[in-house]
Amino acid sequence: MSAVLHAHPESGPALGVANTGKARRVLSDAGMRGRWWRFALILAITAIVLIPIMVTVILALTPAPNSTTTGLTLENITGVFSKTLAGVWLQNSLITTLSTVVVSVAVAAPAGYVLSRGRSKAVSGYSLLLFVMQSLPIITSVVPLFILFAAMGLVDNLMGLTIIYVGSTMTVATWMMAAYFDSIPISLEEASWIDGCSVFGSFTKVVLRNSLPGVLSTAIFAFLLAWNDYLVAIVFLRSNEIFTLPMGVQSFFQQNLTDWSGVMALAVIMMLPPIIVFAALNKYFSVGGIGGSLAGR
């Protein structure tokens, strides 16, 4: 009986440790199952999103019905460049898009800085005006702009198209830059002012230095808006040699015949620059944090 009585105090802690370990294993298994379910769900959603892109790429690499080539081939893509003005359309899209990105970021950065740091009634009114302009669809201004640009000789002109793209991106780009500048402590600028830096100098050397992710996000937004636009281009562009890539894709659709091989090949060409931009700039989204500024001082 005494042996039994002495065994109970010793077995209690051991039993508790065993139960705790078992509970931890159960929770760990449940957590693993939960992660696997989330992973499977994300994988399924990603597959659904990528299916149209995969189909487009496969059809672009599939020989045309009148071709004697078998298996996957690049003849559709090379044929688009040799038989159409795809090279000119690609150049026009790059000119308008890159110009839109540069001008939008160059103007939106200081404008967003004023919205972020300014606290006057004029700045608040300007911010409200931007919000109202952002809520208006671009279609509401296409017809008035067409009449105005026709009088100025900017219809069927890449400069006129770029001006519209810059105006379309400016409100959202300014808001994006202002929102990112809000996350940067003003104490960093005050420290630079004490060191003798001007307001513009602190903006360029302190604020912009720590705003690379915000600048890239704004640039990518402007890039995608100008690169993918079709509505404005179809209104303002007339000549085949002035077309951008979305207009070039539309030119393959005839009344009684559609060259699907050319459509898919040009669609693949149109997808490549955004993919390259995202792949090249993705690593920079973690650069430019506040810690880098504090470490460099």
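Refer to the structure printed above.
Residues numbered from 1 in each chain as written. Predicted model: local features only at pLDDT ≥ 70, side-chain atom pairs only at ≥ 80, totals over all residues. Heavy atoms only, no water.

Caption draft 1: Looking closely at the packing of helix α3 (residues 86-117) against helix α4 (residues 121-135). Their axes nearest at 9 Å, the elements α3 and α4 cross at an angle of 125°. Here α3 is positioned oblique relative to α4, judged by the angle of their axes. Of the two elements, α3 crosses α4, and the hand of that crossing is left-handed. On the side of α3, the interface is formed by Ala111, Val114 and Leu115, while α4 contributes Val123, Tyr126, Ser127 and Leu130. Its residues placed into classes, the contact of α3 with α4 shows six nonpolar, one polar and no charged. (Axes fitted to C-alpha atoms, helices over the stretch in contact; angles between N-to-C directions. Helix = DSSP H or I, 4+ residues; strand = E, 2+ residues; numbered from the N terminus. Parallel < 35°, antiparallel > 145°, perpendicular 65-115°, else oblique. Left-handed = near helix turned anticlockwise from the far one by under 90°. Contact = heavy atoms within 4.5 Å. Nonpolar A, V, L, I, M, F, W, Y, C, P; charged D, E, K, R; others polar.)

Caption draft 2: Just helix α2 (residues 75-83), in detail. Among the residues of α2, Asn76, Ile77, Gly79 and Val80 are the ones counted as buried. Looking straight down α2, one finds that the buried residues subtend no more than 165° of arc, so they occupy a single side. (Buried < 20%, exposed > 50% of the residue type's maximum accessible area, 1.4 Å probe, protein only. Arc of directions from axis to C-beta.)

Caption draft 3: Quick peek at the pattern of salt bridges. Taken as a whole, this structure holds one salt bridge when the rule is applied. Between Glu189 and Arg117 there is a salt bridge, with its nearest N and O atoms 2.6 Å apart. Here Glu189 is found in helix α7 (residues 186-194), whereas its partner Arg117 is found in helix α3, with 72 residues between them in sequence. Judged by relative accessible area, which is 0%, Glu189 ranks as buried. (Salt bridge = Lys/Arg side-chain N within 4 Å of Asp/Glu carboxyl O.)

Caption draft 4: Here's a closer look at the nonpolar core. Formed by 50 residues in total, the largest nonpolar core has its most connected members in Trp89, Phe181, Leu237 and Leu266. Among all residues touching Leu237, those that are not within four sequence positions of it are Asp156, Asn157, Leu161, Ile242, Phe243, Thr244 and Met247. (Core = buried A, V, L, I, M, F, W, Y, C linked by side-chain atoms within 4.5 Å.)

Caption draft 5: A look at the packing of aromatic side chains. Applying the stated criterion across every chain yields a total of six aromatic pairs. Look at Phe149 and Phe236: their rings are 5.8 Å apart centre to centre, the planes differ by 65°, and that puts the pair in the edge-to-face class. Of this pair, Phe149 sits in helix α5 (residues 139-152) while Phe236 sits in helix α10 (residues 231-236), placing them 87 residues apart in sequence. Relative to Trp227, the ring of Phe223 has its centre 5.7 Å away and its plane inclined at 10°; by these criteria the two rings are stacked. On the criterion of helical spacing, the pair formed by Phe223 and Trp227 is a turn pair, its members being four residues apart in helix α9 (residues 212-228). By the burial criterion, Phe223 is buried, and Trp227 matches it. Feature note: the residues Tyr113, Phe181 and Phe203 constitute an aromatic cluster, connected by ring pairs. (Phe/Tyr/Trp six-rings, centres within 6.5 Å; stacked < 30°, edge-to-face > 60°.)

Caption draft 6: Seen up close, a nonpolar patch on the surface. A contiguous nonpolar surface patch, about 830 Å² in accessible area, is contributed by Leu41, Ile45, Val49, Leu50, Ile53, Met54, Val57, Ile58 and Leu72. Positionally, Ile53 belongs in helix α1 (residues 2-61). Given a relative accessible area of 36%, Ile53 falls into the partly exposed group. (Patch = residues over 30% accessible without salt bridge, like charges linked within 9 Å, V, L, I, M, F, W, Y side chains within 5 Å. Areas by Shrake-Rupley, 256 points an atom, 1.4 Å probe, with all protein chains shown as cover.)

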